[in-house]
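Chains, contacts and geometry: an overview
Below, each chain spelled out in residue letters.
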Amino acid sequence: MTQIAFIGGGNMATSIIGGLIREDAVNPDLIHVSDPGEEQRQRLEADFKVHTHAENLDAIANATVVILAVKPQMMKEVLAPLAATLTARQPLLISVAAGISLPTLQAWSGCKAVVRAMPNTPALTGTGATGLFASDEVSLDQRNLADTLIGATGIAVWVKTEAEIDAVTALSGSGPAYYFLMMESMIAAGIKLGLSEDTARRLTLQTALGAGKMASASEVAPDELRRRVTSPGGTTEQAIATFEGAHLRDIVQAAMDAAARRAAELSDELGN
Ligand SMILES: NC(=O)c1ccc[n+]([C@@H]2O[C@H](COP(=O)([O-])OP(=O)(O)OC[C@H]3O[C@@H](n4cnc5c(N)ncnc54)[C@H](O)[C@@H]3O)[C@@H](O)[C@H]2O)c1
């Protein structure tokens, strides 16, 4: 039986735990979460019936998989008191932290088998998208275990180089926030056009859901799906021309470049 420890029980850990339990992928009795926040621990226990601990060492005591879900800036100080135990027990270590490299994680933890995972919060609903990269020391069984665990929260995609994890971070790690910003903007614009807030919100969210589901289910690429909405001389054409005129594609590229750059900066700032 694989016991899983989460170090840090915040937003991302909650999303993964929620996804694992929702999909019946792991018995909650096998999940141990440590977090200094009492409120956080009570919420996790109430929502998911997992074991919680104030002390990180208590969470990892019998774990074969340890998932690091603290802020990158906390990672070094979180791992220091755990390193002796981790070095002795050699669990599979999975870090979801942006920007902390595999060699740094290995040096700070003493673990050889380390997977970097870059998930996203829709994991909570089983619709997560995660990029994965493993150290050479990760065995095939451990790789399959990481794949099965993370795959239960949505899709899991192995990338070929560690550098690609920064690109994944900029794309799908941060990506839900881009769509939420678009939703916020559409709700606000709908209200300005005369809709009630409730109507603008409900129509916006259902449109986002519908577009996402349709694009996922379709054999047809998003550009063609867009064209099918855009009648010549019609309304959508005006909106799309406005987006293109404001160089939306360049804005998206610049935004994702900035996110990827920040991931690399974090690695430089924190990785020693
Ligand atoms: N939120 C996202 O969308 C997202 C997506 C991908 C990756 N990540 C990564 O996940 C990690 C966590 O991000 P988050 O958004 O969940 O942050 P968060 O602040 O919601 O969660 C971090 C948790 O760590 C806890 N914590 C603080 N000190 C601790 C300690 N000494 N020991 C154990 N736990 C401690 C905090 O109480 C908090 O609950 C980050 O490294 C981030 O890069 C986040």
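Everything quoted here is computed from the prediction, not taken from an experiment. (Residues numbered from 1 in each chain as written. Predicted model: local features only at pLDDT ≥ 70, side-chain atom pairs only at ≥ 80, totals over all residues. Heavy atoms only, no water.)

So, on to the environment of Gly 9. In this fold, Gly 9 is placed in the loop between strand E1 (4-7) and helix H1 (11-22). Residues in contact with Gly 9, not counting those within four places in the same chain, are Thr 14, Val 33, Ser 34, Asp 35, Gln 40, Arg 43 and Leu 44. (Helix = DSSP H or I, 4+ residues; strand = E, 2+ residues; numbered from the N terminus. Contact = heavy atoms within 4.5 Å.)

Residues of strand E2 (residues 31-34) alternate between two faces, with Ile 31 and Val 33 on one and His 32 and Ser 34 on the opposite face, all of them buried. Across four bridges, E1 lies against E2 in parallel orientation. From the neighbouring strand, Ala 5 faces E2, where its bridge partner is His 32. The handedness of the E1 to E2 crossover, carried by H1, is right-handed. Pairing of E2 with strand E3 (residues 51-53), which is carried by three bridges, proceeds in the parallel orientation. In the strand pairing of E3, Val 33 is matched with Thr 52. In this region the chain leaves E2, passes through helix H2 (residues 38-48) and returns to the parallel neighbour E3; the handedness of that crossover is right-handed. (Buried < 20%, exposed > 50% of the residue type's maximum accessible area, 1.4 Å probe, protein only. Pairing = 2+ DSSP bridges. Right-handed = clockwise from strand over helix to strand, strands pointing away.)

Within the structure, the ligand sits among 23 residues, and Asn 11, Met 12, Asp 35, Gln 40 and Val 70 are positioned closest to it. Gly 10 is positioned with one of its backbone polar atoms (N or O) 3.4 Å from an oxygen atom of the ligand. Gln 40 places a side-chain nitrogen or oxygen 2.8 Å from an oxygen atom of the ligand. In isolation the ligand exposes 820 Å². Once the protein is present, 78% of that is buried. For the shell around the ligand, the per-class residue count stands at 13 nonpolar, eight polar and two charged. (Near = heavy atom within 4 Å. Polar contact = N/O pair within 3.5 Å; in protein donor to acceptor, adjacent residues only side chain to side chain. Areas by Shrake-Rupley, 256 points an atom, 1.4 Å probe, with all protein chains shown as cover. Nonpolar A, V, L, I, M, F, W, Y, C, P; charged D, E, K, R; others polar.)

So, on to the UniProt feature "domain: Pyrroline-5-carboxylate reductase dimerisation" (unreviewed entry) in the protein chain. Sequence positions flagged by UniProt for "domain: Pyrroline-5-carboxylate reductase dimerisation" (unreviewed entry) are, in local numbering, residues 162-266. End-to-end, the C-alpha atoms of residues 162-266 are 14 Å apart, and along that stretch the chain is 84% helix and 0% strand. (UniProt positions renumbered as here; feature names shortened; annotations may be inferred.)

Turning our eyes to something else, we now look at the pairing of strand E4 (residues 65-68). What you see with E4 is no split at all: Val 65 and Ile 67 on one side and Val 66 and Leu 68 on the other are buried throughout. Inspection of the sheet shows E1 paired to E4 by four bridges, in the parallel sense. Counterpart to Ile 7 in the pairing with E4 is Leu 68. Pairing analysis gives four bridges linking E4 to strand E5 (residues 92-95), with the strands arranged parallel. Pairing of Val 65 across the sheet is with Leu 92, part of E5.

Bringing the sheet that holds strand E6 (residues 114-118) into the picture now. Here eight strands make up an open sheet; going across it, the order is E3-E2-E1-E4-E5-E6-E7-E8 and the pairing mixed. Whereas interior strands pair on both sides, the edge strands pair on one side only; in this sheet they are E3 and strand E8 (154-158). Strand-to-strand twist of the sheet, defined as the mean angle between neighbouring strand axes without regard to direction, takes the value 25 degrees. Sheet strands in contact with H1 are E1 and E2, and its direction is about 155 degrees off that of E1. (Axes fitted to C-alpha atoms, helices over the stretch in contact; angles between N-to-C directions.)

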